[in-house]
Structure formats: structure tokens, C-alpha cells
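# Remarks on the overall topology
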Amino acid sequence: QVAELARRNLARGLRLNAPEAMAIACDDMHLAARAGGTLDDVIASGQASVSADDLMDGVVDLISEIRVEVLLREGSRLVVLRDLGRSNPVGDAPSDEAPEPGAIRVGEGVLILNAGLVSKELEVHNSSDHPVRISSHFPFDQVQARLVFDRAVAEGSRLDIPAGDTLRWAPGQTRTVRLVRIAPGSNAGRLGTVV
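Described below are features of the structure shown in this document.

Thresholds applied
Residues numbered from 1 in each chain as written. Predicted model: local features only at pLDDT ≥ 70, side-chain atom pairs only at ≥ 80, totals over all residues. Heavy atoms only, no water. Pairing = 2+ DSSP bridges. Helix = DSSP H or I, 4+ residues; strand = E, 2+ residues; numbered from the N terminus. Buried < 20%, exposed > 50% of the residue type's maximum accessible area, 1.4 Å probe, protein only. Arc of directions from axis to C-beta. Contact = heavy atoms within 4.5 Å. Salt bridge = Lys/Arg side-chain N within 4 Å of Asp/Glu carboxyl O. Core = buried A, V, L, I, M, F, W, Y, C linked by side-chain atoms within 4.5 Å.

The subject of this paragraph is the sheet that holds strand 5 (residues 147-148). Strand pairing in a sheet is mediated by backbone hydrogen bonds. Such pairs are either parallel or antiparallel. Taken in spatial order, the 4 strands of this open sheet run 5-3-8-6, and their pairing is antiparallel. Looking at which strands have only one partner, the edges of the open sheet turn out to be strand 5 and strand 6 (157-159). Inspection of the sheet shows strand 3 (residues 119-126) paired to strand 8 (residues 174-181) by 7 bridges, in the antiparallel sense. Each bridged residue has a counterpart across the sheet, and for His125 the counterpart in strand 8 is Thr174.

Turning to helix 1 (residues 2-11), its buried residues are Ala3, Ala6 and Asn9. Down the axis, helix 1 shows its buried residues gathered within 120° of arc, on one side only. In this structure, the buried residues of helix 1 make contact with helix 2 (18-34). Two residues or fewer after helix 1 comes Gly13, characterised by a positive phi angle close to 90°.

Under the defined criterion, the tally for this structure stands at 8 salt bridges. A salt bridge links Arg77 to Glu74, with the shortest nitrogen-to-oxygen separation between them at 3.2 Å. On the basis of relative accessibility, which here comes to 22%, the residue Arg77 falls in the partly exposed class. Between Arg178 and Glu121 there is a salt bridge, with its nearest N and O atoms 3.2 Å apart. Taken together, the positions of Arg178 in strand 8 and Glu121 in strand 3 put the pair 57 residues apart, joining distant regions of the chain. Several salt bridges share partner residues, and in doing so they unite Glu4, Arg7, Asp27 and Asp28 into one network.

Take the nonpolar core next. Counting residues in each nonpolar core, the largest one holds 23 residues, and the members touching the most others are Val42, Ile66 and Leu84. Looking at this core, the elements that each hand over two or more residues are helix 2, helix 4 (59-62), strand 1 (65-72) and strand 2 (75-82). Sort the elements by how many residues they give to this core and helix 2 lands first, with 8 residues. Residues in contact with Ile66, not counting those within four places in the same chain, are Met22, Ala25, Cys26, Met29, Val79, Val80, Leu81 and Leu84. Judged by nonpolar contacts, the second largest core, of 16 residues, contains Leu122, Val124, Ile161 and Leu179.

In C-alpha cells form, the structure reads like this:
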């Protein structure tokens with residue numbers, strides 16, 4: 001619905017804001033996947049969905065990447081689309097310019113993730129011939145059956161990684177992960193993705 005509204009605004013000659021541009025890109029990527037496209041086709045569709053001229057000033061700098069899960073012939077895949085509407089790679093602007101809207105400024109100090117949450121380690125094996133990627137807040141006991149581990153131990157837990165980050169298992173790879181209990185009232189399970 002957001003993508004259709006955004007397309008109507010674009011047809012009226014209005015330039016897109018960040019949510020509208022992201023909605024069109026996601027919609028076009030889903031359509032490419034549904035039409036039987038490959039992962040490369042899906043990414044190309046997203047890149048071609050909007051141009052810099054379609055966007056309001058400053059929007060191109062607000063969208064560093066878009067992550068969307070699409071269903072391809074080989075299964076569900078997490079697609080990461082970078083630099084939507086950008087004709088030049090990130091970092092090409094002269095360094096003496098003022099930061100653009102949405103610029104990231106690195107602060108000083110130590111950031112402690114998931115402080116005070118109970119954690120545990122678990123060995124996880126990818127038994128398939130496809131890579132598998134799991135995002136930070138997906139309930140780990142509910143991930144794809146291609147990942148083999150003790151699901152009872154993982155119940156009520158998620159990966160102990162920064163929000164929005166993912167871990168990837170190559171085909172046949174085994175790795176030990178740290179899990180933390182899902183905090184009551186969190187959005188875990190609504191924000192996660194499985195590939």
C-alpha cells in the first residue's frame with residue numbers, strides 16, 4: 001500500500017521521502033522474485049526502482065541499505081540493497097562538507113550490548129547446501145530446519161548480536177553462537193528475518 005501511494009505521488013510530480021522510496025524498492029524486489037527472477041535480478045530491480053531525481057533532497061543519504069526477505073526458487077533469501085538512488089559510491093563527497101541528513105557520527109566510549117541479559121552458547125550446524133542467514137531478534141528456536149542444534153535449549157532466546165545485524169552460515173558450516181533471553185515486551189519475532 002505504501003508503494004502504491006508512493007507511485008501515485010511520483011506520478012503527480014512529487015519527489016519521494018525515505019519511506020516511500022524504500023517501499024517502492026521493496027515492492028519491486030518482491031515482484032521480481034515472484035516473477036521467478038534470480039537474486040541478481042531482484043537486486044537489479046531494486047536498484048532500478050527509483051533514481052536520485054525521484055528523491056527529496058537529503059533522502060539518498062538517509063537510505064544506506066535496505067534489507068528485505070524475498071522468496072526465490074531455492075528458498076527464502078535476505079536481500080541487502082545498498083545506496084538506493086545514489087549514482088556515486090558512499091564516501092565520494094569531499095570531507096570538508098557539512099554532514100548530510102542522517103549522517104552517522106561515532107561517539108567515544110564503550111558500548112555494552114545486552115547488559116544484564118542471561119546468555120548461553122550453542123553449537124549450530126548448517127546441514128543444507130545453501131547459505132543461511134539469521135537476524136538479531138528472530139526467536140532462535142524457530143529458525144529454519146536446515147540449521148541443526150538443540151532447539152529446546154534455544155527456546156525463548158535470540159542471537160547476542162547488535163540489533164539489525166545478521167549471522168551467516170555457509171553450506172556445511174558449524175559455528176558456536178551466543179544467545180540471550182528475549183526480553184519481555186520486545187519486538188523479537190516481528191523484526192527478525194530468516195534466509
